[in-house]
Amino acid sequence: MSLRARLAQWIGVPTLVPARKRTADRAIERLSPSAWVSVPLAGAAPTVQVGDVVAAGALIARSQAGARWQRRVHSPYQGAVVSVDERAIVVEGAPLPAAAGSAQHTGAAGLAPSDIIVTVREAGVTGLGGAMFPTYAKLGTSVDTVLVNGCESEPYFTCDHRVLAEHGDEVRCGLALAKRAVNADHGAIVDREAYYPAGYERFLIRDELDRVLAPHALPRDVGVLVMNVQSARALCVAVCGETPMIERVITVAGDAVGRPGNYVVAIGTPVAHLLRVCEIDQARAATIITGGPMMGRALEAGAVVTAGTGGLLALTADEVAAREEVPCIRCGRCLEACPVGLPVAKIVERPGPEVLRCMECGACQYVCPSAIPLVERLRLAKRREVEWD
Amino acid sequence: MRGPFLRSPQSTSHLMAQVVVALLPIATIAIWRHGAPAAVTLGGAVTAALAVEIAVRRAAPRDLSAVITGMLAALLLPADAPPWLGAAAGALAIGVGKHAFGGLGKNPFNPAALSRGLLMVLVPATLFAPAWAWDGVTMASPLARESGGTAPLLSAVWSGDVPGALGTSAPWAVLLGGLALVALRTIDGRVPLVYLATVTVGSIVLPGSDRIVAHAPWLVADPLLHLLAGGTLLTAFFLLTDPVTAPFAPLGRVAFAAIAGVVTIAARLYTPYPDAAALAVLVANAFTPAIDRWRST
């Protein structure tokens, strides 16, 4: 750490978002399943019709042949298709009982890169960190280093940490497969999480490899592939376990949750079901959030768990600490908190093109003592900047 | 609705309350040491500051900023000030120093330092000027002993046994409050650190003017005296750390603190003004917009 950073840590103003990892010791559990799942299609075209009976893991939607990004969607449940539209397919039924330890972690031995990529594409593996980008497309690049991102993407989340602790062999196997697919010499699992948002890939690459990404560059431009822990595991499960991506681990946390913990959940599980089985006290909760507390969304009617849903939070008024907006006192906490170094308080008044570097991580708004809705204003400034261009 | 859904527990009103509590030790010691006149000055300043705040905003105060400003304005006044001076300082600080510029967050100068500067011009006789500069004016600071007088003893400065502003009644009480604010991360500790370091280095390397060497030789090459006497500590921890009038960026604040340090020590060693700490705050404040343009992050 530089002298300047150390000085800031010791006597500067507080700018770190606390991690709040009270579920870190909760082993991953399987929740009692919902009666149906509504699997989001993300642009893929249905291959089943209402009334069809599908097996767990069966293909139910795929992208058109010419589509730029090929997506495959599989049914997490065995049962009957009860509704199909362009956005989601609803399957009524039940999941298969978990087939524990069936996978042989042969790693990359004997597999050609193209075999791995095709298997991953057909298994519908996507990024599980939030962006839900198809993993096979990332594996088609040529890089020298693969990083598995074990830093949680948001405060409160502990699901990636638990997956690493309990299924580390599968994650390591996934890393080996990814390295082989992209022909990389180096690979590492990174789980040093010093601050929020350390888990953003550009910070991971900077902190771990000392390689700096230009504002609009992608990791592959500096020879790096970054995968989420659960994506790496899904890669292993797809190749070694021959199972498509149909479930993920999420963290359910917050003081209004009766049964906080880390749970395996089928993709497409209605959030309303989770509220019930996790005993979330909706009267005590000031906010219920799908995703994390910094970049998540307030719960909307009909919401389901997607590949990008890392958690479900029910926060009490004390945790949220909402308060009225008051005038800016120019304390400078926002710009010290900004991980990309934007002069936030100034930018929201006089936006310039640099606002496009904002990732909306929310760190500035968290530390603002005057409770100014900075992220909302930054989003507005970004939109204007794009329109004027 | 989209996130972030969390807020740091450090709110603006919370920060202000912490500053008020941190000022209580020095305010209490000042009253204990100087008695009723000090209580009148402090009470008058806070009351006047609150009254002007309420009159201008036509609403109850939203936070404790007027209380902080009133307390600081009073602590910059001499212990033997006439009874009305505190109220005048509090009213000037909030009326001219804060609301004339548009209220909280808009004022370019520290309101307390500005009120002290205005009073130096409006009623110079009641404020600070050393005897050897202007005849017949009482000496008002250990930094301004009479010609031929003895050097102020450090132990006397430390315990506040010297004439001076209310805020110099007990350097240790200022230090106590200030360090608590740094520990609580209420203020940016880099500002007092750089300011005090600049004053220290300046007091060691600057030879002082011929007049100072002739009339007040004890001011030369005594860093501890410059750190403890006068308003140095109050300036370091409570005036320069006012976020509204300091630059935004960390490096900008470091430059700002260094400017204030240079002005403080240069004024003491090269001008007849014995305690230019408040003046140094105003000069540094004037540089804030330029510093913000120089470094925005």
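Residues numbered from 1 in each chain as written. Chains lettered and ligands numbered in written order. Predicted model: local features only at pLDDT ≥ 70, side-chain atom pairs only at ≥ 80, totals over all residues. Heavy atoms only, no water.

Asks: What's the story with the confidence of the model for chain B in this structure? I'm lost.
Replies: Interpretation of the predicted coordinates at a detailed level should be avoided for regions scoring low in pLDDT. Residues and elements named next belong to chain B. Considering every residue of chain B, the mean pLDDT works out to 88; 90% of them sit at 70 or more. Per-residue pLDDT, averaged within each element of chain B, yields its smallest value for helix H6 (residues 154–159) (78) and its largest for helix H3 (residues 65–75) (97). Predicted confidence is poor over residues 129–140, with pLDDT under 50, and the contacts of this stretch with residues over four places away or in other chains come to 27 contacts. (pLDDT = per-residue confidence, 0-100. Helix = DSSP H or I, 4+ residues; strand = E, 2+ residues; numbered from the N terminus. Contact = heavy atoms within 4.5 Å.)

Asks: What should I look at first to understand the interface of chain B and chain A in this one?
Replies: For interface size, the figure often reported is the accessible area lost on association. Listed as interface residues are 37 residues of chain B and, on the opposing side, 49 residues of chain A. Of the roughly 4,000 Å² buried where chain B meets chain A, counting both sides, 57% is carbon and sulfur surface. For chain B, the biggest contributors to the area lost against chain A are Leu6(B), Arg7(B) and Phe248(B); these three give 23% of the whole. For the pair chain B and chain A, the number of links is 4 salt bridges. Contributions of two or more residues to the side of chain B that touches chain A are made by helix H1 (12–34), helix H8 (190–205), helix H12 (250–270) and helix H13 (277–294) of chain B. Looking at the side of chain B that touches chain A, the element that brings in the most residues is H13(B), giving 3 residues. Tallied by class, the residues present in the side of chain B that touches chain A amount to 17 nonpolar, 11 polar and 9 charged. (Buried area = accessible area lost by both parts, 1.4 Å probe. Salt bridge = Lys/Arg side-chain N within 4 Å of Asp/Glu carboxyl O. Nonpolar A, V, L, I, M, F, W, Y, C, P; charged D, E, K, R; others polar.)

Asks: Would you explain the sheet that holds strand S8 (residues 88–94) of chain A in this entry?
Replies: Strand pairs in the sheet, formed through backbone hydrogen bonds, run parallel or antiparallel to each other. Residues and elements named next belong to chain A. The strand order S2-S8-S7-S4 describes an open sheet built from 4 strands, whose pairing is antiparallel. The sheet is open, and its two edges are formed by strand S2 (36–40) and strand S4 (53–54), each paired on a single side. Where S2 lies against S8, 5 bridges are found, and the strand directions are antiparallel. Paired with Pro40 across the bridge in S8 is Ala88. (Pairing = 2+ DSSP bridges.)

Asks: Looking at this structure, how should I read the sheet that holds strand S11 (residues 224–228) of chain A?
Replies: Residue and element names in this part refer to chain A. The strand order across the open sheet formed by 3 strands is S10-S9-S11, and the pairing between neighbours is parallel. Looking at which strands have only one partner, the edges of the open sheet turn out to be strand S10 (186–190) and S11. With strand direction ignored, the average angle separating the axes of adjacent strands in the sheet is 15°. Across 5 bridges, the pairing between strand S9 (residues 145–149) and S10 is parallel. Bridge assignment links Val146 to a residue of S10, and that residue is Gly187. Docked against the sheet, helix H6 (residues 201–209) engages S9, S10 and S11, running at close to 120° with respect to S9. (Axes fitted to C-alpha atoms, helices over the stretch in contact; angles between N-to-C directions.)

Asks: Would you take a moment to explain the packing of aromatic side chains for this structure?
Replies: The geometry of two aromatic rings is summed up by the distance between their centres and the angle between their planes. A full pass over the atoms with the stated rule returns 4 aromatic pairs over all chains. Between Tyr196(A) and Tyr200(A), the ring centres sit 6.4 Å apart and the planes meet at 85°, which makes this aromatic pair edge-to-face. We classify Tyr200(A) as buried; its relative accessible area is 14%. Each member of the aromatic cluster is reached from another via a ring pair, and the members are Tyr196(A), Tyr200(A) and Phe203(A). The lysine or arginine in question, Arg330(A), covers the ring of Phe248(B), its NZ or CZ lying 4.6 Å from the ring centre. (Phe/Tyr/Trp six-rings, centres within 6.5 Å; stacked < 30°, edge-to-face > 60°. Buried < 20%, exposed > 50% of the residue type's maximum accessible area, 1.4 Å probe, protein only. Lys NZ or Arg CZ within 6 Å of the ring centre and 35° of its normal.)

Asks: Sorry, what's going on with the pairing of strand S7 (residues 78–84) of chain A here?
Replies: Looking along a regular strand, one sees the side chains alternate between the two faces of the sheet. All names here are of chain A. Relative to S7, S4 runs antiparallel, the two being bridged by 2 bridges. Note that in S7 the partner of Val54 across the bridge is Gly79. Inspection of the sheet shows S7 paired to S8 by 6 bridges, in the antiparallel sense. In the strand pairing of S8, Gln78 is matched with Ala94. A loop of 3 residues connects S7 with S8, the two strands running antiparallel in sequence.

Asks: Mind showing me how you'd approach helix H4 (residues 84–98) of chain B here?
Replies: Because each turn of an α-helix spans 3.6 residues, side chains separated by three or four positions end up pointing in the same direction. Residue and element names in this part refer to chain B. In this model H4 runs 20 Å from its N-terminal to its C-terminal C-alpha over 15 residues, within 8% of the 21 Å that 1.5 Å per residue would give. Of all the bends in H4, the largest measures some 25° and sits at Leu92. Within H4, burial applies to Leu85, Gly86, Ala89, Gly90, Leu92, Ala93, Ile94, Gly97 and Lys98. In this structure, the buried side of H4 is in contact with helix H2 (36–57), H3 and helix H5 (111–122). (Expected span 1.5 Å × (residues − 1). Bend = angle between axes of the 7 residues up to and from the residue.)

Asks: Teacher, can you tell me more about the environment of Ile205(A) here?
Replies: Residues and elements named next belong to chain A. As for its position among the elements, Ile205 is in helix H6. Owing to a relative accessible area of 0%, Ile205 belongs among the buried residues under this scheme. For the pair formed by Ile205 and Pro219, sequence separation is 14 residues and the distance between their alpha carbons is 7.8 Å.

Asks: When you look at the state of the cysteines in this model, what are you seeing that I'm missing?
Replies: Should the sulfur atoms of two cysteines be covalently bonded, the bond is a disulfide. All names here are of chain A. Enumeration over the complete set of coordinates arrives at 0 disulfides over all chains. For the unlinked cysteine Cys278, the closest cysteine sulfur is that of Cys159, found at 13 Å. You can see Cys364 has no disulfide; the closest cysteine sulfur is in Cys361, sitting 6.4 Å from it. A residue is classified by how much of its surface remains accessible, and Cys364, at 7% relative accessible area, is buried. (Disulfide = S-S within 2.5 Å.)

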